[in-house]
Amino acid sequence: MEKTVLAAKTRTITGKKVNQLRKQGLLPLNLYGKHLKSMALETPLKDFMTVFRKVHETGLVEVKTDGETHHALITNIHLNPLTRKPLHAELHAVSLTEKIKAHVPVVLTGESPAVTSGVGLLLQTLNEIEVEALPTELPENVSVDVSGLSEVDQQITVADLPKIKGVEVLTGSEEVVVKITALTKEEEAAPAPAPEGEAAPAGEAEPSAQTPGAEPVTEEK
């Protein structure tokens, strides 16, 4: 298994003064665990984001600090509500020989014939499931193939998910992950979009590309 390493230093600045670190491009961290006293750390924000984009919440990270190495999972990232830029992160130190519980994303694959034929809509009701496994065996996600859903009311439950060696699913087996729902009368009667370049009928406004009431989201680099 490829190692993902995050170098961090002991942090002496705490409280509101941590803004000084952020201005220097550093991210405050806290590392804690069952057999570890909580440690206040700091690391370059760009290094942390490189690691997080690779492992997300289920990948194992080797945190190297002050000559020590701790295996950990990134369990929580606090974001600035306006800029969506990370302000603080929490890492959970784990033992490679003890099973842990974690939430794993559910990813849909394939195309549903019910959707492509216009029979119904695909509704994902469960975006993640809880599992228990050794830290080294946690899956990045659980893949669900929806290509067999061709009729209204067909569904896939947790019990139907593919089995992963070494991973115990804790979410209830009867819970619905994805299902096909019937189209509403409004959706069935919705007119087809006008061909490109053709003007909309008089009195009808051009549809907006942005969801009404939503603010544009930009990502800081």
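Residues numbered from 1 in each chain as written. Predicted model: local features only at pLDDT ≥ 70, side-chain atom pairs only at ≥ 80, totals over all residues. Heavy atoms only, no water.

Just checking my understanding: could you explain the overall build of the protein for this structure?
Secondary structure assignment for the protein yields 4 helices and 14 strands. In the protein, which comprises 221 residues, the share counted as buried stands at 30%. Residue pairs at least 24 apart in sequence account for 63% of intrachain contacts in the protein once pairs closer than 6 positions are excluded. Taken as a whole, the protein presents about 14400 Å² of accessible surface, with 52% of it coming from carbon and sulfur. (Helix = DSSP H or I, 4+ residues; strand = E, 2+ residues; numbered from the N terminus. Buried < 20%, exposed > 50% of the residue type's maximum accessible area, 1.4 Å probe, protein only. Contact = heavy atoms within 4.5 Å. Areas by Shrake-Rupley, 256 points an atom, 1.4 Å probe, with all protein chains shown as cover.)

Would you take a moment to explain the sheet that holds strand β10 (residues 128–133) for this structure?
Strand pairing in a sheet is mediated by backbone hydrogen bonds. Such pairs are either parallel or antiparallel. An order of β11-β8-β10-β13 is seen for the 4 strands of this open sheet, with the pairing classed as mixed. Where the open sheet ends on each side, the last strands, each with one partner, are β11 (142–145) and β13 (168–169). Two elements, strand β8 (residues 100–109) and β10, share 6 bridges in a ladder whose sense is antiparallel. Across the sheet, the residue bridging to V104 is I129, located in β10. (Pairing = 2+ DSSP bridges.)

Explain the pattern of salt bridges here, please?
Pairs can form between side chains of opposite charge once their charged atoms are near each other. Enumeration over the complete set of coordinates arrives at 4 salt bridges. Residue K3 pairs with E62 through a salt bridge whose shortest N-O separation is 4.0 Å. With K3 in the segment before β1 (5–7) and E62 in strand β5 (residues 61–65), the pair connects residues that are 59 residues apart, well separated along the chain. The partner of E98 in a salt bridge is K34, and the shortest N-O contact between them spans 3.9 Å. Here the residue E98 occupies a position in the loop between β7 (86–93) and β8, and K34 occupies one in the loop between β3 (26–33) and β4 (36–44), the gap between them amounting to 64 residues. The exposure class of E98 is partly exposed, given its relative accessible area of 33%. (Salt bridge = Lys/Arg side-chain N within 4 Å of Asp/Glu carboxyl O.)

What is the right way to look at the nonpolar core in this model?
One broad trend across soluble globular proteins is that nonpolar side chains are buried collectively. Counting 24 residues, the largest nonpolar core has I129, V131, L138, L149, V158, L161 and V177 as the members making the most contacts within it. Those elements that provide at least two residues to this core are β8, β10, β11 and β14 (176–182). If you tally residues by element for this core, the top one is β8, at 4 residues. If we ignore the near neighbours within four places in the chain, the residues touching I129 are A102, H103, V104, V106, V142, V158, L161, V169 and T171. Of all hydrophobic cores here, the second largest spans 20 residues; its members include L6, L45, F48 and V51. (Core = buried A, V, L, I, M, F, W, Y, C linked by side-chain atoms within 4.5 Å.)

Explain the sheet that holds β7 here, please?
With mixed pairing, the 7 strands of this open sheet are ordered in space as β1-β5-β6-β7-β3-β4-β2. In this open sheet, the two edge strands, each paired with only one partner strand, are β1 and β2 (9–10). Here 2 bridges tie β2 to β4, and the two strands are oriented antiparallel to one another. Of the residues in β4, the one forming a bridge with K9 is E42.

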